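So the chains spell out like this:
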Amino acid sequence: VQLQASGGGLVQAGGSLRLSCTASLRTFSGHIMGWFRQAPGKRRSFVAGIDGSGDSTKYSDSVKGRFTVSRDNGRNTLYLQMNSLQTDDTAVYFCAARGARITVFSYSSENYAFWGQGTELTVSS
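These figures come from a predicted structure and were not determined experimentally.

**Q** Please explain the nonpolar core as it appears in this structure.
**A** Nonpolar side chains in soluble globular proteins tend to end up buried together. In this structure, Trp35, Leu78, Leu80 and Tyr93 are the most contacted members of the largest nonpolar core, which totals 28 residues. Listed by contribution, the elements that provide at least two residues to this core are strand 1 (3-6), strand 3 (17-23), strand 4 (33-38), strand 5 (45-50), strand 7 (67-72), strand 8 (77-82), strand 9 (91-97) and strand 11 (119-124). It is strand 9 that contributes the most residues to this core, four residues altogether. Residues Ile32, Phe36, Phe46 and Tyr112 belong to the second largest nonpolar core, which totals five residues.

**Q** Just to check I follow, could you spell out unusual backbone geometry for this structure?
**A** A negative phi holds for most residues other than glycine; trans holds for most peptide bonds. Located in the positive-phi region is Asn76, a residue other than glycine, with phi close to 50°. Within the fold, Asn76 resides in the loop between strand 7 and strand 8. A positive phi is found at Arg101, a non-glycine position, where the angle reads about 65°. Examined against the element boundaries, Arg101 turns out to sit in the loop between strand 9 and strand 10 (114-115). Overall, the relative accessible area of 73% leaves Arg101 in the exposed class.

**Q** Could you clarify how one ought to interpret the packing of aromatic side chains in this entry?
**A** Describing an aromatic ring pair means giving the distance of the ring centres and the angle of the ring planes. If you walk through the whole model with that rule in mind, you get eight aromatic pairs. Summarising the aromatic geometry, the rings of Phe36 and Tyr112 are spaced 5.0 Å apart at their centres and angled 75° between planes, so their arrangement reads as edge-to-face. Of this pair, Phe36 sits in strand 4 while Tyr112 sits in the loop between strand 9 and strand 10; the two residues are 76 residues apart in sequence, bridging distant segments of the chain. For Phe36, a relative accessible area of 1% corresponds to the buried category. Both rings, one in Phe36 and one in Trp115, keep their centres 5.1 Å apart while their planes meet at 55°; by these two values the pair is tilted. With Phe36 in strand 4 and Trp115 in strand 10, this residue pair connects regions lying 79 residues apart in the sequence. Taken together, Phe36, Phe46, Phe94, Phe105, Tyr107, Tyr112 and Trp115 form an aromatic cluster joined through their ring pairs. For the cation-ring pair, Arg71 lies above Phe28, with the distance from its terminal atom to the ring centre recorded as 4.4 Å. Taking NZ or CZ as reference, Arg98 lies 6.0 Å from the ring centre of Tyr112, over its face.

Calculation rules
Residues numbered from 1 in each chain as written. Predicted model: local features only at pLDDT ≥ 70, side-chain atom pairs only at ≥ 80, totals over all residues. Heavy atoms only, no water. Core = buried A, V, L, I, M, F, W, Y, C linked by side-chain atoms within 4.5 Å. Buried < 20%, exposed > 50% of the residue type's maximum accessible area, 1.4 Å probe, protein only. Helix = DSSP H or I, 4+ residues; strand = E, 2+ residues; numbered from the N terminus. Phe/Tyr/Trp six-rings, centres within 6.5 Å; stacked < 30°, edge-to-face > 60°. Lys NZ or Arg CZ within 6 Å of the ring centre and 35° of its normal.

Here it is in structure tokens:
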């Protein structure tokens, strides 16, 4: 199983960026997927999540209304559209898969079985 996150970079505050995560999961649509982030000196935290069909999404309060999580099951790809970026959004962003046939959503990184390597986002003021 391999998750490959990409799309990070340097962007000015107020700007936008889209992250992608390509998964080699056999049944991608069977996995709840999540985005997490880890800023320097801080713990990894939940950003957004989406169920297998893409019909249900969850967001942390800090990104709600600015970020949108989506998925393309035909392409085995997860996305995170980030708008109105703030300097506090600076972090390494990770995509994660909950586990096959698990239908209960979780905000805890401990409950995600598969992880990508992370892609770094820096938001400058």
